[in-house]
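Spelled out, the chains give:
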Amino acid sequence: MLRRFSSQSGNARIIVITTGGTIVQKFDKDLGGYVPKTSGKELIESISSEINLETIELIEFAMIDSRAVDLKFLYNLSKLVQQKIDDNFVDGIVIIHGTDTMEITAYFLHRTINSPKKPVVITGAMRVVTNSDYDGKANITNAIKQVSYPETVLHGHGVSINFAGKIHSPVNVHKEHSFAIDPFSSGSFGLIGMMHTSRIDWLNNPKKSLVIPLPDKLEKVISVPIIHAFPGACTDLLDGFIQNKYQALIVVAYGSGNVNNNMYYAIKKATEHGIRIVLVTNCKYGGVYAEYGGIGGNQSLRDLGVIMADDLNPYQAMVVATLVFHNEKLLDKNELSKYFSNKILD
Ligand SMILES: NC(=O)C[C@H](N)C(=O)O
């Protein structure tokens, strides 16, 4: 049964934060394509037959396609979510978001929000409002139900994505299809839950990762590019980043963390110029570790002092690098690697 609070106290219990995405998009004749057009209020009112709106406080945070998500957006959203979670009158948060970068926002919140109990559930849609198979209403209703069920709170899973009836952990989720109505997958790690008509089947315990404190103010915005290993990579590959004084790069290496000879020399040059290199795998599962010898083998990269980012995927490593390298207080060399993992390392 969906828990329905009375709003006699005047305090809403569920915060719905809208940011945009296909879920609020319609065709724009002048631009010749879809753009956000439906207000948060209209979106919420469209599910009034399913949900007691008196239990909801709506915050219209942004009206963007999620391709426009940047560090400032993530920082401000995280601060807002934390502030609402710390409010005793709030039971949980639902965030409406575009699917293109939903997994990045989910992971950013996963690594920055302190919420041992209260759920933060992110959802969106793959079809625009005017489509006959519009999935926005079902997804937002499910997300609100997830926040409302008492066992969700008992499950205490922090941040999750609820989409097409499936509940994903930010650690495992990936948008795998560009137009399917059920585009997200948690691969062989598995879902953390599935929606039933009036309950949730919890399937896996969500993983906890180390929370990285956000600075009080976002003083500088650092950009951490993601570079892929590929046959034919050359020694001057990273020269532009050196010239433009980038602080850090994510290198997506083959397998357990290997690159060709030329890319090794490009990385060596970048490290000599003070760029921090974070190494991740191009594989979906496993992670990076040092085992191969010779130039470009993962041991040679480790010996250059690159950070081996354990089981993080490229976007996750980019999020962590952005958080850690942005915050002087976290830059102790011996401590750095503990942040670059989805596990809490001893
Ligand atoms: N399905 C979607 O929401 C895709 C859209 N381009 C977005 O990420 O905002």
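How each quantity is defined
- Residues numbered from 1 in each chain as written.
- Predicted model: local features only at pLDDT ≥ 70, side-chain atom pairs only at ≥ 80, totals over all residues.
- Heavy atoms only, no water.
- UniProt positions renumbered as here; feature names shortened; annotations may be inferred.
- Buried < 20%, exposed > 50% of the residue type's maximum accessible area, 1.4 Å probe, protein only.
- Helix = DSSP H or I, 4+ residues; strand = E, 2+ residues; numbered from the N terminus.
- Pairing = 2+ DSSP bridges.
- Axes fitted to C-alpha atoms, helices over the stretch in contact; angles between N-to-C directions.
- Parallel < 35°, antiparallel > 145°, perpendicular 65-115°, else oblique.
- Left-handed = near helix turned anticlockwise from the far one by under 90°.
- Contact = heavy atoms within 4.5 Å.
- Phe/Tyr/Trp six-rings, centres within 6.5 Å; stacked < 30°, edge-to-face > 60°.

The protein goes by asparaginase in an unreviewed UniProt entry, where it is assigned to Brachionus calyciflorus. As recorded by UniProt, the Catalytic activity (unreviewed entry) comment attached to the protein reads in full: "L-asparagine + H2O = L-aspartate + NH4(+)". Of the comments in the UniProt record for the protein, the one headed Sequence similarities (unreviewed entry) reads "Belongs to the asparaginase 1 family."

Draft legend 1. Examining the pairing of strand 5 (residues 92-96) more closely. Of all five residues that make up strand 5, five are buried, and the element is covered over most of its length. Side chains Gly-92, Val-94 and Ile-96 of strand 5 all project onto a buried face; the interleaved residues Ile-93 and Ile-95 project onto the opposite face, where all are buried too. Relative to strand 5, strand 1 (residues 14-20) runs parallel, the two being bridged by five bridges. Bridge pairing links Ile-17 to Ile-95 in strand 5. With four bridges joining them, strand 5 and strand 6 (residues 120-123) adopt parallel strand pairing. Looking across to strand 6, one finds that Ile-96 is bridged to Thr-123.

Draft legend 2. Geometry of the packing of helix 3 (residues 102-112) against helix 9 (residues 314-325). At a closest axis distance of 10 Å, the pairing of helix 3 and helix 9 adopts a crossing angle of 45 degrees. The pairing of helix 3 with helix 9 is recorded here as oblique in orientation. Between helix 3 and helix 9 lies a crossing of right-handed hand. In this structure, helix 3 uses Glu-103, Ile-104, Tyr-107, Phe-108, Arg-111 and Thr-112 to contact helix 9, whose residues at the interface are Tyr-315, Gln-316, Met-318, Val-319, Val-320 and Leu-323.

Draft legend 3. A look at unusual backbone geometry. Backbone geometry at Ala-164 places phi at a positive 50 degrees, although glycine is not the residue there. With respect to the helices and strands, the residue Ala-164 is situated in the loop between strand 7 (159-163) and strand 8 (166-168).

Draft legend 4. Quick peek at the packing of aromatic side chains. Counted by the stated rule, this structure contains seven aromatic pairs. Residues Phe-27 and Tyr-34 carry aromatic rings whose centres are separated by 6.0 Å and whose planes lie at 85 degrees to one another, so their mutual orientation is edge-to-face. In this structure Tyr-34 comes out as partly exposed when scored by relative accessible area, which is 48%. Relative to Tyr-246, the ring of Phe-241 lies with its centre 5.1 Å away and its plane at 85 degrees, an arrangement referred to as edge-to-face. Here Phe-241 falls in the buried class, since its relative accessible area comes to 19%.

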